[in-house]
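What follows is the residue order along each chain.
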Amino acid sequence: QVILARADFVCLSSFHGHVTIMGGGNAQKTAMARAKNQAKAAQAGRGGGGTAGKEKRVNNMDLKCTVCMQCFPSTQVKGAQAHVESKHPKSDFATCFPMCPPAS
């Protein structure tokens, strides 16, 4: 017994009492991919913040070395400290970056 269904391309055949389903579709793969992509989009959507937190996300170049005039983002105090140690070993951090609070 062989049944051919052209609408969804499924072939059911009975061979020695066993029913074999051949072909199939990509519905399962599509559904899984859609669910995975929706979860990924939901995860990525949480970190945005919109225009409310834009000022915090944009790094302003507030740290400026008074010796060489190189600028650093305000969030990179450790990078500015490393700059002083490597580029200006004869100066201290307070001399190069007087706008920073003293390190405690």
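What you see is a predicted model; the values in this text were computed from it and never measured.

Peer 1: What is the right way to read the packing of aromatic side chains from this model?
Peer 2: The description of two aromatic rings rests on the distance between their centres and on the angle between their planes. All told, the structure shown has two aromatic pairs when counted by the stated rule. Consider the rings of F72 and F97, whose centres lie 5.8 Å apart with planes at 70 degrees: the pair is edge-to-face. Of this pair, F72 sits in strand 5 (residues 71-72) while F97 sits in the segment after helix 4 (93-96), placing them 25 residues apart in sequence. Residue classification places F72 among the buried residues on the basis of a relative accessible area of 12%. Ring pairing ties together the aromatic residues F72, F93 and F97, which thus form one cluster.

Peer 1: Before we go on, may I ask you to explain the nonpolar core in this structure?
Peer 2: The nonpolar side chains of a soluble globular protein tend to be buried with one another. Counting residues in each nonpolar core, the largest one holds nine residues, listed as L63, C65, F72, A80, V84, F93, C96, F97 and C100. For this core, the secondary structure elements donating two or more residues are helix 3 (77-87) and helix 4. Those residues in contact with A80 that sit more than four places away from it in its chain are L63, F72, F93 and F97.

Peer 1: How do you make sense of helix 3 when you look at a structure like this?
Peer 2: Restricting attention to buried positions, one finds in helix 3 the residues A80, H83 and V84. One face of helix 3 carries all of its buried residues, which in axial projection span an arc of 95 degrees. Exposed residues pointing more than 90 degrees away from the buried face of helix 3 are listed as K78, E85 and S86. Of the surrounding elements, those touching the buried residues of helix 3 are strand 4 (63-64), strand 5 and helix 4.

Peer 1: How should I be thinking about the side chain of H83 in this particular structure?
Peer 2: You can see H83 is positioned in helix 3. For H83, a relative accessible area of 6% translates into the label buried. A polar atom in the side chain of H83 sits 3.3 Å from the side chain of H88. Discounting residues that sit within four places of it in the chain, H83 has contacts with C65, C68, Q70, F72, H88 and F97.

Peer 1: I would appreciate a short explanation of unusual backbone geometry in the present structure.
Peer 2: Where the residue is not glycine, phi is negative for most of them; where a peptide bond is considered, it is trans in most cases. Positioned with a positive phi, M69 is a non-glycine residue whose angle comes to about 65 degrees. Summarising the element assignment, M69 is placed in the loop between strand 4 and strand 5. Note on M69: relative accessible area 48%, which makes it partly exposed.

Peer 1: It is not clear to me how the side chain of H88 should be interpreted in this structure. Could you clarify?
Peer 2: Note on placement: H88 falls in the loop between helix 3 and helix 4. Residue H88 is classed as buried on the basis of its relative accessible area of 11%. Beyond its immediate stretch of four places on either side in the chain, H88 contacts C65, V67, C68, H83 and C96.

What counts as what
Residues numbered from 1 in each chain as written. Predicted model: local features only at pLDDT ≥ 70, side-chain atom pairs only at ≥ 80, totals over all residues. Heavy atoms only, no water. Phe/Tyr/Trp six-rings, centres within 6.5 Å; stacked < 30°, edge-to-face > 60°. Helix = DSSP H or I, 4+ residues; strand = E, 2+ residues; numbered from the N terminus. Buried < 20%, exposed > 50% of the residue type's maximum accessible area, 1.4 Å probe, protein only. Core = buried A, V, L, I, M, F, W, Y, C linked by side-chain atoms within 4.5 Å. Contact = heavy atoms within 4.5 Å. Arc of directions from axis to C-beta. Polar contact = N/O pair within 3.5 Å; in protein donor to acceptor, adjacent residues only side chain to side chain.

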